[in-house]
Amino acid sequence: MGNSCQKHCGNLRPYVLCCCPSEEKGTCYVTESIVISNPMVNTSISQQPSQPVASAPVLRASLSSRVYVALYDYQARTAEDLSFKAGELLEVLNGEDTQHSGWWHARSLGSLHKREGYIPSNFVAPYKSIEAEPWFFGEVKRVDAEKQLMYPGTEAGVFLIRESETQRGEYSLSVFDGMSVKHYRIKQLDTGDYFVARKKTFPDVTALVEYYKRYPDGLCVRLGQPCEKKEVPAPFDLSYKTQDEWEIDRNSLKLLKKLGSGQFGDVWEGMWNNTTPVAIKTLKPGSMERRDFLREAQTMKKLRHPKLIQLYAVCSLEDPIYIITELMRHGSLQQYLQNDGGTAIKVQQQVDMAAQVAAGMAYLESQNYVHRDLAARNVLVGEHNVYKVADFGLTRIFQVENVYEPVAGMKLPIKWTAPEALQFNKFSVKSDIWSFGVLLYEIMTYGRMPYPGLNGAQVLQKLEKGYRMPQPPDCPPNLYLIMLDCWKKSPEERPTFETLQWQLDDFFETESESYFDSNTFAR
Ligand code: AMP
């Protein structure tokens, strides 16, 4: 089995990563602890594992369960944290058992000098777990797998493994054959063994992958390189310290470039601690009560989801107040759509935008958190077609311009707000659903102002009489039906975000097969 450890323990993993008991020099030892001859190995089994070098330093990690593999590169942001490279092994010393802790104290097993420091916990996966494999993409939908594998320049054989959408606990293999993406279900026998074709079974998915890298054996193509993970997650905080102490010194920030002006003030691209790019929202002095702001920010800081803009920190001790968040390279979705105007962005991408927003909103829904100002101007666009919901909760504490005033002292963006919220101040997840329908309209019209030619009062009058915006040009009929569902008069009859996310994720599955040219073996 060449470099694998099969001869010792039947494990097909490269032997530098194996922990079976063995007396062989330079390989794998000791049941309770692991010994790593060359820990700076790439965990990808597509590459020849490094040969154990007899003279190489032997590092011991006391408990293999505390060893993690870095999934992405990370560059330290403060003196207390630890830089690492994708594939590097890290022993977690502290914090791993703390619930919700975004940062763990860890030691790199990749160098002679025991480098220690804090690491973002969403950048690592347990050593030897399937999550640590470079080809494992977790809960990625079939459509998203196709999107990632059909990236320009992808070579035949590039593949990924994902959790099956339909069968819990099962996996699917998606592979690009040079023309299109094929999907295979990986099934499990009662014995626990895995297979694609029953005639050849494997003790684990890693062994299955290794086999099909050698022999296509019925697959459309021999497996090649794992698909590149383009979407690197953002750590949930600026650093370990700012998890709790997120009132930060404004001198640690440099305002570099003005990105735009919003209702609350200017937004800047900035740098924190000379290491970390951030967005800095500067708030117009007097636009809210500091106490109200801090109370709301406390809640916003706790909301964590890949499709929500992460609030990192605030500078609230003096004016102007700064809100420091994740930086999104392509600015607001409204601007992004208007700049495109239909030249490059097509319906598949538009539905994908809507599905990503619905995913972020489904999380807010699960937390019973009402956004109150969902609109294309409050969705931000990042690299690789990532869309995230921003500014949730801010209308609760700020005064908004260009709005209608139904209740004294309260202003609302009328064209996005549900009738019951406008008239009776009844804000709920269901009023957010109404706004989502309007956001869908904005997406399908490339950022056009909703209800063109009508002012706020006219819109309200017409809505009362049952008027709804017409189907935008080039909008698939089923998508328009979703908009109409969101605009049902009775809030209870509107869908949930969970349903919307599911409908949009699967949109083209039911809408038309013609959007896909890939053969489908598995979902
Ligand atoms: P806002 O005050 O939220 O309406 O933001 C005004 C403008 O600043 C937006 O339209 C975006 O172009 C830009 N902007 C706001 N937040 C960010 C961010 N986190 N990353 C990048 N650009 C942003």
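What you are looking at is a predicted structure, and each value in this text was computed from that prediction instead of being measured. (Residues numbered from 1 in each chain as written. Predicted model: local features only at pLDDT ≥ 70, side-chain atom pairs only at ≥ 80, totals over all residues. Heavy atoms only, no water.)

### Overview of the pattern of salt bridges
Next, step 1: According to the stated counting rule, one finds 22 salt bridges in the structure shown.
Next, step 2: Between Asp505 and Lys141 there is a salt bridge whose closest N-O contact spans 3.7 Å. In this pair, Asp505 sits in helix 11 (residues 497-505) while Lys141 sits in the loop between strand 9 (124-126) and helix 2 (142-149), placing the two residues 364 residues apart along the sequence.
Next, step 3: By relative accessible area, Asp505 is classed as buried at 15%.
Next, step 4: Given a relative accessible area of 25%, Lys141 falls into the partly exposed group.
Next, step 5: Where Lys301 meets Asp237, a salt bridge forms, and the shortest distance between an N and an O atom there is 2.6 Å. Of this pair, Lys301 sits in helix 4 (residues 290-302) while Asp237 sits in the loop between helix 3 (205-214) and strand 15 (253-261), and the two are 64 residues apart along the sequence.
Next, step 6: The class of Asp237 is buried, set by a relative accessible area of 0%. (Salt bridge = Lys/Arg side-chain N within 4 Å of Asp/Glu carboxyl O. Helix = DSSP H or I, 4+ residues; strand = E, 2+ residues; numbered from the N terminus. Buried < 20%, exposed > 50% of the residue type's maximum accessible area, 1.4 Å probe, protein only.)

### Details of the pairing of strand 12 (residues 181-188)
Next, step 1: As judged from the 6 bridges shared by strand 11 (residues 171-176) and strand 12, these two strands associate in the antiparallel manner. Note on strand 12: the bridge partner recorded for Val175 is Lys182.
Next, step 2: Taking the residues between adjacent antiparallel strands as the criterion, strand 11 and strand 12 are bridged by 4 residues, where Gly178 takes a positive phi near 105 degrees. (Pairing = 2+ DSSP bridges.)

### Some remarks on the environment of Ala156
Next, step 1: Here Ala156 is to be found in the loop between helix 2 and strand 10 (159-163).
Next, step 2: When the C-alpha positions of Ala156 and Ser180 are compared, they lie 9.1 Å apart, and in sequence the two are 24 residues distant.
Next, step 3: Setting aside chain neighbours within four positions, we find Ala156 in contact with Phe176, Asp177, Gly178 and Val221. (Contact = heavy atoms within 4.5 Å.)

### Observations concerning helix 11
Next, step 1: When we look at burial in helix 11, the residues that qualify are Phe497, Leu500, Leu504 and Asp505. Buried residues of helix 11, viewed axially, fall in a sector of 125 degrees; they line one side. Set apart from the buried face of helix 11 by more than 90 degrees, the exposed residues are Glu498 and Trp502. (Arc of directions from axis to C-beta.)

### Focus: unusual backbone geometry
Next, step 1: Here the bond from Asp319 into Pro320 is cis, since omega is -10 degrees, no more than 30 degrees from zero.
Next, step 2: With a phi angle near 65 degrees, Asp474 is a residue other than glycine that sits in the positive phi range.

### Thoughts on the site of the ligand
Next, step 1: Lining the immediate environment of the ligand, one finds 15 residues, of which Ala279, Lys281, Glu326, Met328 and Asp391 sit closest.
Next, step 2: One of the side-chain N or O atoms of Lys281 is found 2.7 Å from an oxygen atom in the ligand.
Next, step 3: For the ligand, an oxygen atom lies 2.9 Å from a polar atom in the side chain of Asp391.
Next, step 4: Burial of the ligand by the surrounding chains reaches 87%, relative to a free accessible area of 480 Å².
Next, step 5: Listed by contribution, the elements that provide at least two residues to the shell around the ligand are strand 15 and strand 17 (276-282).
Next, step 6: For the shell around the ligand, the element with the highest residue contribution is strand 15, accounting for 3 residues. (Near = heavy atom within 4 Å. Polar contact = N/O pair within 3.5 Å; in protein donor to acceptor, adjacent residues only side chain to side chain. Areas by Shrake-Rupley, 256 points an atom, 1.4 Å probe, with all protein chains shown as cover.)

### Some thoughts on the environment of Gln471
Next, step 1: Within the secondary structure, Gln471 is located in the loop between helix 9 (456-464) and helix 10 (477-486).
Next, step 2: With a relative accessible area of 38%, Gln471 lands in the partly exposed category.
Next, step 3: For the pair Gln471 and Leu481, spaced 10 residues apart in sequence, the C-alpha to C-alpha distance is 8.9 Å.
Next, step 4: Setting aside its immediate chain neighbours within four residues, Gln471 contacts Pro476, Pro477 and Tyr480.
Next, step 5: At 2.8 Å, the side chain of Gln471 forms a polar contact with the backbone oxygen of Cys475.

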